[in-house]
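The chain contents come next:
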Amino acid sequence: MQSRFFLLLFVMAGLVVAFAPFPVRPIAPQERTFRIEAGQFAYSSSEIKVNPGDTVNIQLVSTDVVHGLYVDGYDISIEADPGQTKTLSFVADKPGSFRFRCNVTCGAMHPFMIGKLSVGKKVWFYRSIGLSIIAIIGFLKFPRRPVLITAH
Amino acid sequence: MELTRLPFLKSALKSRYSQLAVFIVMLVGYIFVILAGLIGTPVGSHNFSIVFVWIAWWAILILVAVPFFGRGWCAVCPIPLPGEWLQRGAVLNPPDKKPRWLNLRWPKFLRNIWLQNISFLLLALFSSVLLTTPNITGIVLAAMLFAAIGLSMIFERRAFCRYLCPVGGFIGLYSQTAPIELRIKDKQVCVVCDGKPCYNGASTVGLDVQRLNPPLSANSNTGYGCPWDVFPGGLTKNTYCGLCMECIRTCPHDNIAINLRPFSADLAKPSTRLDEAFKAFIMLGSAMIYAGVLLGPWGAFKDAAYNVGTSAWFIYATIFLAIIFAILPGFFWLMISLTSRPFAKHPFGAPIGRGVGVRKFASLTTALIPLGLMFWVAFSLSFVLTNATYILASLSDPLGLGWNLFGTANAVWQPMLTSILAPAQTLALVGGLIWSARTAQKAANEVKVSSVPVVIYCFITTLVMLGLLL
Ligand code: SF4
Ligand code: SF4
Ligand code: SF4
Ligand SMILES: [Cu+2]
């Protein structure tokens, strides 16, 4: 009976961690501009961090062939010819961690030309850590079978 | 639940013609993929070979076939077919009594999966080139076909599948987690079975089915012995049964069944083999390395991985191998030996790890099997969903020559389902952690040690993977 209760408790805790809205400290939105150089097959400054609500301007400069920049989750993109600068502006209204990637075939490793955009906290990363910890505590505290610690 | 009770399914599995039809389609497809790789456009993302092998096939294999059907892919895989046909000298019929070729036994010291571990690592170290260059993909696929033919001429049965195939190794390892199995129905029937035709082949044994009483399954005297060199009567795990269905046809006592079963049933009895233990580390490690190198934001790693032969690549290869052969297993060994030391027989003066022999080490790595599978699922979800739209385009224009067969050649590249990717990966990784913790408890019970260090190991590696992917 008791173990059922604890199981229920753990499942509830898991659900809270998975679905509760993330606490956010309100930060006044800013306008931020990033210059990102794209060359085969990497972006330089490949990790950018902004706060939720910020207006983001990404100036994409290509140093060799035509490259693009597509932001996962936001599903928006730009392309820049060599030597040109193109700007992508958007409001970072979805929190979380997103990949951005080249969307113009630019050579062999093109599918892996990837950068990261973090908007506020990495929501799913923290949620999944929370879930893992709950799962592990559940396991270590309430093993389904007796865990033998001593060797006979 | 026995699936072979379903008459429709059973006759479909027993029929050589339905299997042959699938084989022919697969073989034609395989040869087309090789040709596309060799003569099609060098642009990977527009070449049928890259798109179909590394996006479509890979997605089906790791997200569906392996988790749900175990060695299901091997049941339809075209690679060993030409060799097998030549070996038997027939497409449908069993071999003659006298072997046509050398028919050697596979050497004893290679009767393990170390060669498969090596062949997988070879491909893994060159994977950035392999994944992106149609030529190389074509050459590697052709080489596998010819290696399988060559080995069929020299050795008996399917030596390539059993001992060399880079894919077969991990499919076998992870097939233990699948909810499907091929097993005998009644052990007693096997014990008294004359000549064991399922292993030796009906014609070789000289079994005359017509004269048996009662007259048994009609086509079993045309059957041949297990191509995978497995004795079906002794099967306890999925790893080495290729689901070729031959024993269903051969067994004169209708004693073979395909069963639906709980997930990962095979893992309840942990393997104690080091080659299989290292396969688990190899797969776990490569999933983590790929997540970091291919999907991470670090350009230098990608350069190093792609520029094979440069000094950066050698460093990359060294780190790759060090992670797989030293860091991951070393850390694992350290964790289990540190915690099991006080309970070993000689607590005083015993060197660290006394209590952890090969048997315990290998048994405990069982927990890494579901963990690794789910790492691969999480990694592949991202890779496959982002690039799935290439499949449409390349169906219409497989060689990248500007064709437009189905009007989808200009389908725009667009990552799919980007908003559910992170939750799906979380689900896969946390689910994998729970699954592996349960497996760890069972394995630890078998060898009578604590499961805690293994669970913590799985937890830490999961955190690393979460950090890399999310
Ligand atoms: S082991 Fe390899 S070659 Fe053999 S059937 Fe399986 S995937 Fe195909
Ligand atoms: S599976 Fe069939 S053929 Fe094989 S030993 Fe058992 S009864 Fe005999
Ligand atoms: S003959 Fe039977 S046991 Fe052998 S590989 Fe085929 S299906 Fe598996
Ligand atoms: Cu590109």
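Look up a bit, the structure's there.
Residues numbered from 1 in each chain as written. Chains lettered and ligands numbered in written order. Predicted model: local features only at pLDDT ≥ 70, side-chain atom pairs only at ≥ 80, totals over all residues. Heavy atoms only, no water.

1. Here's the deal with the overall build of chain A
And then number 1: A count of helices and strands for chain A gives 2 helices and 9 strands.
And then number 2: When the helices and strands of chain A are listed from N to C terminus, the series reads α-β-β-β-β-β-β-β-β-β-α.
And then number 3: For chain A, whose C-alpha radius of gyration is 22 Å, the value lies well above the compact-globule estimate of 15 Å for 152 residues.
And then number 4: Its C-alpha atoms put chain A at 70 × 45 × 20 Å along the principal axes.
And then number 5: The buried share among the 152 residues of chain A stands at 41%.
And then number 6: Within chain A, residue pairs in contact and separated by at least 24 positions form 62% of the contacts whose partners lie at least 6 positions apart.
And then number 7: When the accessible area of chain A is evaluated, it comes to approximately 8,100 Å², of which 61% is carbon and sulfur surface.
And then number 8: Both charge centroids of chain A, one from 16 positive and one from 10 negative side chains, sit 19 Å from each other. (Helix = DSSP H or I, 4+ residues; strand = E, 2+ residues; numbered from the N terminus. Rg over C-alpha atoms; globule rule 2.2 N^0.38 Å. Buried < 20%, exposed > 50% of the residue type's maximum accessible area, 1.4 Å probe, protein only. Contact = heavy atoms within 4.5 Å. Areas by Shrake-Rupley, 256 points an atom, 1.4 Å probe, with all protein chains shown as cover. Lys, Arg positive; Asp, Glu negative; His and termini not counted. Charge placed at Lys NZ, Arg CZ, Asp CG, Glu CD.)

2. Description of empty space enclosed by the protein
Residues and elements named next belong to chain B.
And then number 1: Scanning the model with the defined rule gives 11 cavities of 30 Å³ or more in all.
And then number 2: Put simply, the largest cavity is a space of about 140 Å³.
And then number 3: Elements with a minimum of two residues in the lining of the largest cavity: α2 (16–39), α5 (81–88) and α14 (246–250).
And then number 4: Along the lines of polarity and charge, the residues of the lining of the largest cavity split into 8 nonpolar, 1 polar and 6 charged. (1 Å grid on protein atoms, 1.4 Å probe; cavity = no way out; pocket = protein on both sides within 12 Å on 5 of 7 lines; lining within 4 Å. Points joined across faces, edges and corners; volume = space filled by probe spheres on them. Nonpolar A, V, L, I, M, F, W, Y, C, P; charged D, E, K, R; others polar.)

3. A short note on the coordination of the copper ion (ligand 4)
Residues and elements named next belong to chain A.
And then number 1: The protein atoms that coordinate the copper ion (ligand 4) are C102 (SG), V104 (O), C106 (SG) and H110 (ND1), at distances of 2.1 to 2.5 Å.
And then number 2: Coordination at the copper ion (ligand 4) is tetrahedral: its 4 donor atoms span angles of 86 to 129 degrees at the metal.
And then number 3: Read N to C, the donor residues that coordinate the copper ion (ligand 4) are spaced as C-x1-V-x1-C-x3-H. (Donors = N, O, S within 2.8 Å, 3.2 Å for Na, K, Ca; no water. Tetrahedral: all angles 85-135°; square planar, octahedral: opposite > 155°, others 65-115°.)

4. Some words on the packing of aromatic side chains
Here a ring pair, both rings aromatic, is described through the centre-centre distance and the interplanar angle of the planes.
And then number 1: Across all of its chains, the model carries 34 aromatic pairs over all chains by this definition.
And then number 2: Between the aromatic rings of F112 of chain A and F383 of chain B, the centroid separation amounts to 5.6 Å while the plane-to-plane angle is 15 degrees, which identifies the pairing as stacked. Within this pair, whereas F112 of chain A is found in the loop between β8 (96–101) and β9 (114–119), its partner F383 of chain B is found in helix α19 (residues 368–387), the two belonging to separate chains.
And then number 3: F112 of chain A gets classed as buried once you look at its relative accessible area, which sits at 1%.
And then number 4: Relative to W57 of chain B, the ring of W54 of chain B lies with its centre 6.3 Å away and its plane at 70 degrees, an arrangement referred to as edge-to-face. Placement of both W54 of chain B and W57 of chain B in helix α3 (residues 48–69) is noted, with a separation of 3 residues, approximately one turn of the helix.
And then number 5: When its relative accessible area of 14% is taken as the criterion, W54 of chain B is described as buried.
And then number 6: A cation over a ring is seen here: K94 of chain A above Y74 of chain A, with NZ or CZ 5.0 Å from the ring centre.
And then number 7: In this structure, R127 of chain A is placed above the aromatic ring of W124 of chain A, and the distance from its NZ or CZ to the ring centre is 5.5 Å. (Phe/Tyr/Trp six-rings, centres within 6.5 Å; stacked < 30°, edge-to-face > 60°. Lys NZ or Arg CZ within 6 Å of the ring centre and 35° of its normal.)

5. Brief notes about the site of ligand 2
Residues and elements named next belong to chain B.
And then number 1: Close to ligand 2 lie 13 residues, the nearest being C190, C193, K196, C198 and C251.
And then number 2: Listed by contribution, the elements that provide at least two residues to the shell around ligand 2 are α11 (187–191) and α12 (197–200).
And then number 3: Grouping the constituent residues of the shell around ligand 2 by class yields 10 nonpolar, 2 polar and 1 charged. (Near = heavy atom within 4 Å.)

6. Some words on the site of ligand 3
And then number 1: Around ligand 3 sit L182, C226, P227, W228, P232, C241, G242, L243, C244, M245, E246 and C247 of chain B, and those are all the residues in its vicinity.
And then number 2: Residue composition of the shell around ligand 3, by class: 10 nonpolar, 1 polar and 1 charged.

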